[in-house]
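# Topology and contacts: notes
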Amino acid sequence: MIVEGRAKIIAEGVFYNPRMKFCRDADMEIFRHLDSKSYLDALSASGIRGIRAHLEAGFDRVEFNDISSSAVKVIERNLSLNGIEAVVHNRDAASLMRERSYEHVDLDPFGSPSEFIDSACRSAKRYLSITATDTSALCGSASISGLRKYSAFAEKTEYYHEVGLRMLIGKAVREITKYDRYAEVLISWAREHYYRVHLKTGKSSRKAGKMYEKIGYILHCRKCRNRMTISVFDTPERACVCGNEFRMYGPLWLGELHRRDFVERLNKEGDTGKLFSAIENEIETITHYDIHEITKILQISPPGLDAVIERLRDEGYRASRTRFGGTSFKSDADIQTVKEIISRIPR
Ligand SMILES: C[S@@+](CC[C@H](N)C(=O)[O-])C[C@H]1O[C@@H](n2cnc3c(N)ncnc32)[C@H](O)[C@@H]1O
């Protein structure tokens, strides 16, 4: 018997990953702040996420689905263990979502969500949550897989997890707009082996069209690490100021990775609270810097991250830590300025 949150489950012969408890804990806090009543746990396995959503986040109607008939038996037993009556489907999630609409759809697949995103975008009337564990396809470590799954190109950079999140959101945006629907990013993060994105969705062909102002490309110089962004409406520069040719990554999402007013409302206690605080305190820039990568190019030892952030702020730039890890920082200063400021910090 596994106890997680308010749920108790038996996960015999079915997928259950205890390392994803953090994600589900974070989700429950997020779900409590959504005004949605019906929820589809489209890829349920043991049913843990949907059971917790029902018990902890106040959904009136939670439905479960898994293509595996043995998983369905496990879900049914877990529902009765928790005293819940709910509909359990034994369907291919994509065909179920093409037939039915839910206020909130949650995709938590093995590996890539790409085969489910189109139908989920059609089904999710108010909210869409997506997990991806094929991070190498999204972040540029496996460029051809990224093209196959997400129709977008990237290579590994020092801000690869941010690229991965932006590729995933970009894919969802490019799928949803064909249904005259739009999406807003409520919150998103990268952690361990997965990315997680929570989107608010709605109907408006005008807003759907406007989303393309925030779809575009990152131009990255692999020599001096300069980066620029261009929307799909812009003409790309071919060369960086250092003379090197830019590499072009995308199409991906160039908009916000969270909505500040939403994240402000989340409980900041405990481990999940630390993530929410990191997100809340992060300034909004596209791409970020890594202190070790920069000092490696400069061939100097790295100063403390707080000292870098403080110095950037003293010199009039915006700067913050990031949600992506302990050695990264965001700033509106360009790469040349960042390098100069870091080399001047006494150590
Ligand atoms: C990663 S597990 C889900 C984990 C679960 N959401 C949790 O929080 O523990 C993915 C599940 O999707 C199911 N699945 C795979 N392909 C599917 C499909 N096309 N339609 C429905 N379910 C599918 C698998 O049987 C598996 O149980």
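The protein chain is annotated in an unreviewed UniProt entry as tRNA (guanine(26)-N(2))-dimethyltransferase from Geoglobus acetivorans. In its Sequence similarities (unreviewed entry) section, the UniProt record describing the protein chain reads: "Belongs to the class I-like SAM-binding methyltransferase superfamily. Trm1 family." Database annotation for the protein chain, UniProt heading Catalytic activity (unreviewed entry): "guanosine(26) in tRNA + 2 S-adenosyl-L-methionine = N(2)-dimethylguanosine(26) in tRNA + 2 S-adenosyl-L-homocysteine + 2 H(+)".

Moving on, we get to the site of the ligand. The environment of the ligand is formed by 20 residues, the closest being Leu43, Ala45, Ile67, Ala93 and Asp108. Of the residues belonging to the shell around the ligand, the class tally is 11 nonpolar, five polar and four charged.

Here the focus is the UniProt feature "binding site: Zn(2+)" (unreviewed entry) in the protein chain. UniProt records the feature "binding site: Zn(2+)" (unreviewed entry) for Cys221, Cys224, Cys240 and Cys242 in the present numbering. Spanning 22 residues, the named residues form one tight spatial group whose C-alpha atoms are at most 8.6 Å apart. Residue placement: Cys224 occurs in the loop between strand E10 (215-220) and strand E11 (227-231). For Cys224, a count of 15 C-beta atoms within 10 Å translates into the label partly exposed. For Cys224, the contacting residues outside a window of four places in its chain are Cys240, Cys242, Asn244 and Ile335. Its location among the elements puts Cys240 in the loop between E11 and strand E12 (247-253). Among the residues examined, Cys240 registers 21 C-beta atoms within 10 Å and is labelled buried. Contact partners of Cys240, with chain neighbours within four places excluded, come to Cys221, Cys224, Asn226 and Phe246.

This brings us to the environment of Asp108. The residue Asp108 is located in the loop between strand E6 (102-107) and helix H5 (114-123) in this model. With 206 residues separating them along the chain, Asp108 and Asp314 place their C-alpha atoms 43 Å apart.

A word on the pairing of strand E15 (residues 325-331). Bridge count for strand E13 (residues 289-290) against E15 is two bridges, and the pairing is antiparallel. Along E15, the bridge assignment pairs Asp290 with Ser328. Of the pairings in the sheet, the one linking strand E14 (residues 319-322) to E15 comprises four bridges and is antiparallel in character. Bridge pairing in E15 places Ala319 opposite Ser331. Counting the residues that bridge the hairpin from E14 to E15 gives two residues.

Attention now goes to the nonpolar core. Nonpolar side chains in soluble globular proteins generally cluster together in the buried interior. In terms of nonpolar packing, the biggest core is built from 85 residues, with Ala42, Val105, Ala120, Leu128, Leu168 and Ala172 touching the most fellow members. The dominant element in this core, judged by the number of residues it contributes, is helix H8 (residues 160-176), at nine residues. In contact with Ala42, other than residues within four places in its own chain, are Asn65, Ala93, Met97, Val105, Asp106, Leu107, Phe116 and Ala120. If you look at the next biggest cluster of nonpolar residues, it comprises 10 residues, including Val308, Leu312, Val338 and Ile342.

Along its sequence, the protein chain is carved into domain 1 (2-267 + 273-279) and domain 2 (284-344). Distance from the C-alpha centre of domain 1 to the C-alpha centre of domain 2: 29 Å. Listed as interface residues are 17 residues of domain 1 and, on the opposing side, 12 residues of domain 2. For the side of domain 1 that touches domain 2, the secondary-structure elements that each account for two or more residues are H8, strand E8 (181-191), E11 and helix H11 (270-281). Per-element accounting of the side of domain 1 that touches domain 2 gives the leading share, three residues, to H11.

Turning our eyes to something else, we now look at unusual backbone geometry. In this model, Gly250 is joined to Pro251 through a cis peptide bond whose omega is 0°. By the secondary structure assignment, Pro251 is in strand E12. For Ala45, which is not glycine, the phi dihedral falls at a positive 55°. Mapped onto the elements of the fold, Ala45 is located in the loop between strand E3 (38-41) and helix H2 (48-57). In this structure, Asp180 takes a positive phi of about 60° despite not being glycine. For Asp180, the position within the fold is in the loop between H8 and E8. Asp180 gets classed as partly exposed once you count the C-beta atoms within 10 Å, which come to 13.

One open sheet holds the three strands; their spatial order is E11-E10-E12, and the pairing between them is antiparallel. Edge strands, defined here as strands with exactly one partner in the open sheet, are E11 and E12. Between one strand and the next, the sheet's axes are offset by a mean angle of 25°, whatever the strand orientation. Bridge count for E10 against E11 is five bridges, and the pairing is antiparallel. From the neighbouring strand, Ile218 faces E11, where its bridge partner is Thr229. Of the strands in this sheet, E10 and E12 are in contact with H8, which crosses E12 at around 55°.

Here is what the cut-offs are and how they apply
- Residues numbered from 1 in each chain as written.
- Predicted model: local features only at pLDDT ≥ 70, side-chain atom pairs only at ≥ 80, totals over all residues.
- UniProt positions renumbered as here; feature names shortened; annotations may be inferred.
- Near = placed C-beta within 6 Å.
- Nonpolar A, V, L, I, M, F, W, Y, C, P; charged D, E, K, R; others polar.
- Helix = DSSP H or I, 4+ residues; strand = E, 2+ residues; numbered from the N terminus.
- Buried ≥ 20, exposed ≤ 12 C-beta atoms within 10 Å, placed from the backbone.
- Contact = placed C-beta atoms within 7 Å.
- Pairing = 2+ DSSP bridges.
- Core = buried A, V, L, I, M, F, W, Y, C linked by C-beta atoms within 7 Å.
- Domains from an automatic or database assignment.
- Axes fitted to C-alpha atoms, helices over the stretch in contact; angles between N-to-C directions.

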